[in-house]
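Topology and contacts: notes
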Amino acid sequence: MPADFFSDISNQQTPPQYRYFDGSTWKPGSSGKTADVISPIDGSVVGTTPILTQEEIDGVMAAASAAQSAWELTPLNKRVGVVHLAADWIRHYLDYLVALLVREVGKSAEEAKSEIIRTADLIDYFADEVQSIQGMTLDSDNFPGFEKGRIAMIERVAYGTVLAIAPFNYPVNLTASKIAPALLMGNSVVVKPPTQGGISALHLVRIFQKAGVPAGVISTVTGNGEIIGDYVVSHPAVSMVAFTGNSDTGVAIAGKAAMKPLLFECGGNNPVVVMPDADLQVAAREIIKGAFAYSGQRCTGIKYVLTTPAIREQLVSLVLKTIPDMVHPGDPRSPETKLVGPVISEAAARKIEEAIQTSVKNGAKCVVGGKRDKAMIEPTVLTGVIPSMPIIAKETFGPVVSFVDVASFDEAVAIINRSSYGLQASVFTKDEGSGLVFGKKLNVGTVQINGSPQRGPDHFPFLGVKRSGVGVQGVRYSLEAMSRLRPIVLNKPQ
Ligand code: G3H
């Protein structure tokens with residue numbers, strides 16, 4: 001029963017007061033200060049999470065450091081078994097976790113189900129892939145001036161304690177994508193959940209605990225980023241920071257984390273370029289899906305489309321014709337709702353509304369949508385947008401797509417490469433060869449040809465350049481990123 005399995009993590013009142021996990025026990029915070037988690041659907045309080053004191057954070061960090069080396073020495077086959085069991089528990093509690101995600105972050109049941117199943121599959125994939133991560137040896141005499149006689153034995157070892165900071169939009173999946181590789185490579189992991197989405201993330205940590213992660217090896221620190229963020233990222237016990245969230249926060253964390261290794265997935269504005277020979281039906285459907293899925297609250301969401309005025313005219317009319325078929329804004333609990341529900345909070349919706357209004361004031365045309373009702377933003381299409389407008393110059397985390405006219409495709413390249421973001425870009429063309437040639441000109445993490453930007457499949461490398469990220473994720477890449485090389489050199493006595 002979910003109620004029994006998860007009973008320790010809250011006081012089970014209505015609304016529940018959730019606890020933090022110090023590595024051994026689920027505890028209420030000692031300060032009594034808590035953060036409310038508000039449902040974007042109806043403004044109700046889903047629960048509260050404790051705001052930890054610095055002393056409590058120190059306790060969590062000390063427990064993580066103390067437990068790490070025994071965990072790293074635990075045979076890999078045992079660590080793999082624990083992690084696979086966590087994936088099984090996630091599948092077992094699918095319906096319960098889906099209902100929680102819908103209420104806590106306003107995903108539709110379909111999107112929430114996809115997040116949970118994807119998470120269990122991802123965890124299993126990590127646990128399988130880690131078994132092929134091996135060390136190597138190198139001989140000395142390959143390098144000029146060296147004789148035979150020295151051998152470097154190079155192992156992959158844990159960093160120590162990984163701080164895992166996850167965002168609200170995939171609070172289960174993007175927490176698991178950090179926990180699983182960190183644990184499998186022998187690290188302890190301290191999870192800093194988002195405030196919104198934090199309850200789902202605490203459930204995930206409970207699952208890892210129940211699957212057999214030993215005391216101290218997994219734990220949580222809760223509290224608003226503004227209050228505890230600097231303290232946790234600069235904490236001397238943290239050996240590495242894995243973060244997903246917006247670029248401004250990423251830059252601030254990187255500053256505070258000083259010399260710690262970083263694995264960051266940050267914001268993106270993800271342009272789409274539509275060539276004259278593109279299948280416009282395909283492009284229109286991919287643009288709608290890419291821009292409006294989960295109400296545009298994906299770092300890989302499409303934010304703008306670059307094409308010539310003649311193509312734009314046909315494309316926009318196709319997009320407008322197709323929106324009613326693919327998008328049905330509404331309450332995410334309703335099976336009729338498709339792609340667009342409320343954004344994460346009314347405050348976030350106000351900012352999106354303001355960005356739309358600023359664009360229109362500066363000459364853009366709102367061809368559909370543009371209005372707000374509480375946390376709901378209508379699916380919005382803007383034309384006549386110019387790249388310096390904040391709606392695309394900054395990441396707008398909402399259901400808005402902007403069309404930018406270009407005189408040539410070289411101009412599109414220049415606009416994309418001038419952006420401060422560089423997560424993904426898409427090119428639509430029937431000629432895959434010219435798509436490849438064009439794609440190589442773009443300074444972004446990944447270029448998609450004839451498909452919308454996306455992270456998955458999750459074993460593909462996933463990375464951003466410029467303000468969009470640091471390091472590379474994706475199953476094998478994350479395992480490598482959460483470990484370091486340790487060469488030990490055998491020297492032959494002279
Ligand atoms: O929001 C950031 C996520 O990594 C995007 O993942 O492309 O699967 O939606 P997604």
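Bear in mind the structure is a predicted one, so any value in this text is a computation, not a measurement.

Looking at the overall build of the chain
- Scanning the chain from terminus to terminus reveals 16 helices and 24 strands.
- For the chain, the C-alpha radius of gyration of 24 Å lies close to 23 Å, the compact-globule estimate for 494 residues.
- Taking the principal axes of its C-alpha atoms as reference, the chain extends roughly 75 × 70 × 35 Å.
- The buried share of the chain, reckoned over its 494 residues, is 51%.
- Residue pairs at least 24 apart in sequence account for 69% of intrachain contacts in the chain once pairs closer than 6 positions are excluded.

Description of the site of the ligand
- Around the ligand, a shell composed of Asn169, Tyr170, Glu265, Arg298, Cys299, Thr300, Gln454, Arg455 and Gly456 is seen.
- Looking at the shell around the ligand residue by residue, the class counts come to 2 nonpolar, 4 polar and 3 charged.
- Viewed by domain, the shell around the ligand spans two of them, domain 1 (2–266 + 472–486) and domain 2 (270–463), each represented by three or more residues.

Considering the sheet that holds strand β21 (residues 446–449)
- An order of β14-β17-β18-β13-β12-β20-β21 is seen for the 7 strands of this open sheet, with the pairing classed as mixed. Only two strands of the sheet have a single neighbouring strand rather than two, namely β14 (365–368) and β21. Neighbouring strand axes in the sheet, compared pairwise and without regard to direction, differ in orientation by 25° on average.
- Pairing between strand β12 (residues 271–274) and strand β13 (residues 304–307): 3 bridges, direction parallel. Pairing of Val272 across the sheet is with Val305, part of β13.
- The strands touched by helix α14 (residues 409–418) within the sheet are β12, β13, β18 (400–405) and β20 (424–428), with β12 carrying the most contacts at an inclination of about 175°.

Remarks on the nonpolar core
- Ranked by internal contacts, the top residues of the largest apolar core, which has 145 residues, are Ile123, Phe126, Ala164, Ile179, Val241 and Ile287.
- If you tally residues by element for this core, the top one is helix α7 (residues 198–211), at 8 residues.
- Residue contributions to this core reach at least three from each of two domains, namely domain 1 (2–266 + 472–486) and domain 2 (270–463).
- Discounting residues that sit within four places of it in the chain, Ile179 has contacts with Ala164, Val189, Val191, Phe208 and Ile218.

Some remarks on the packing of helix α3 (residues 76–92) against α7
- Put simply, α3 and α7 touch, their axes get as near as 8 Å, and they point 130° apart. Here α7 runs oblique to α3, going by the angle between their axes. Crossing of α3 against α7: the hand is right-handed. Mapping the contact onto sequence places Val82, Leu85, Ala86, Trp89 and Ile90 in α3 and Ile207, Phe208, Lys210 and Ala211 in α7.
- Grouping the constituent residues of the contact of α3 with α7 by class yields 8 nonpolar, no polar and 1 charged.

Points about the sheet that holds strand β6 (residues 151–158)
- Ordered by their spatial adjacency, 3 strands build an open sheet running β5-β6-β24, and the pairing between neighbours is antiparallel. Each edge of the open sheet is held by one strand with a lone partner, namely β5 (136–139) and β24 (483–490). The average undirected angle you get between the axes of adjacent strands in this sheet is 25°.
- Here β5 runs beside β6; their pairing, made up of 4 bridges, is antiparallel. In the sheet register, Met136 faces β6, and the bridge partner there is Ile154.

Thoughts on helix α6 (residues 173–184)
- Between the first and last C-alpha of α6 there are 16 Å, a value that for 12 residues agrees with the 16 Å anticipated at 1.5 Å per step.
- The buried fraction of α6 is high, at 12 of 12 residues.
- Looking at α6, one finds that the buried residues are Asn173, Leu174, Thr175, Ala176, Ser177, Lys178, Ile179, Ala180, Pro181, Ala182, Leu183 and Leu184.
- At the exit of α6 stands Gly186, carrying a positive phi of roughly 95°.

Some points on the domain arrangement of the chain
- When cut into domains, the chain gives domain 1 (2–266 + 472–486) and domain 2 (270–463).
- A separation of 31 Å is found between the C-alpha centroids of domain 1 and domain 2.
- Domain 1 puts 23 residues into the contact, and the matching count from domain 2 is 21 residues.
- Those elements that place two or more of their residues in the side of domain 1 that touches domain 2 are α4 (94–105), α5 (109–129) and α16 (475–481).

Cut-offs used in this document
- Counting restarts for each chain, with residues numbered from 1 along the sequence as it is written.
- Given that this is a predicted model, residues contribute local features only at a pLDDT of at least 70 and side-chain atom pairs are listed and counted only at 80 or more, while totals for whole chains, interfaces and linings are drawn from all residues.
- Helix and strand definitions here come from DSSP, where helices need a minimum of 4 consecutive H or I residues and strands a minimum of 2 consecutive E residues; each element is numbered from the N-terminal end.
- Radius of gyration here uses only the C-alpha atoms, and the compact-globule reference equals 2.2 Å multiplied by the residue count raised to the power 0.38.
- In this scheme every C-beta is placed from the backbone, and a residue whose C-beta has 20 or more other C-beta atoms within 10 Å is buried, one with 12 or fewer is exposed, and one in between is partly exposed.
- What counts as a contact here is a pair of residues whose C-beta atoms, placed from the backbone, lie within 7 Å.
- By definition, a residue lies near a molecule or strand provided its backbone-derived C-beta atom is within 6 Å of it.
- Put simply, Ala, Val, Leu, Ile, Met, Phe, Trp, Tyr, Cys and Pro go in the nonpolar bin, Asp, Glu, Lys and Arg in the charged bin, and everything else, Gly too, in the polar bin.
- Note that the domain bounds were set by an automatic or database domain assignment.
- For two strands to pair, DSSP has to find at least two bridges joining them.
- In this description, a line fitted to the C-alpha atoms serves as the axis of each element, helices being fitted only across the stretch in contact, and the angle between N-to-C directions of two axes falls anywhere from 0 to 180 degrees.
- Throughout this description, the term nonpolar core refers to a group of buried Ala, Val, Leu, Ile, Met, Phe, Trp, Tyr and Cys residues whose C-beta atoms join them within 7 Å.
- The labels follow the angle: roughly parallel below 35 degrees, roughly antiparallel above 145, roughly perpendicular from 65 to 115, and oblique for the rest.
- Throughout, a crossing is termed right-handed when the near helix is turned clockwise from the far one, and left-handed when it is turned anticlockwise from it by less than a right angle.
- One less than the residue count of a helix, multiplied by 1.5 Å, gives the span that helix is expected to have.

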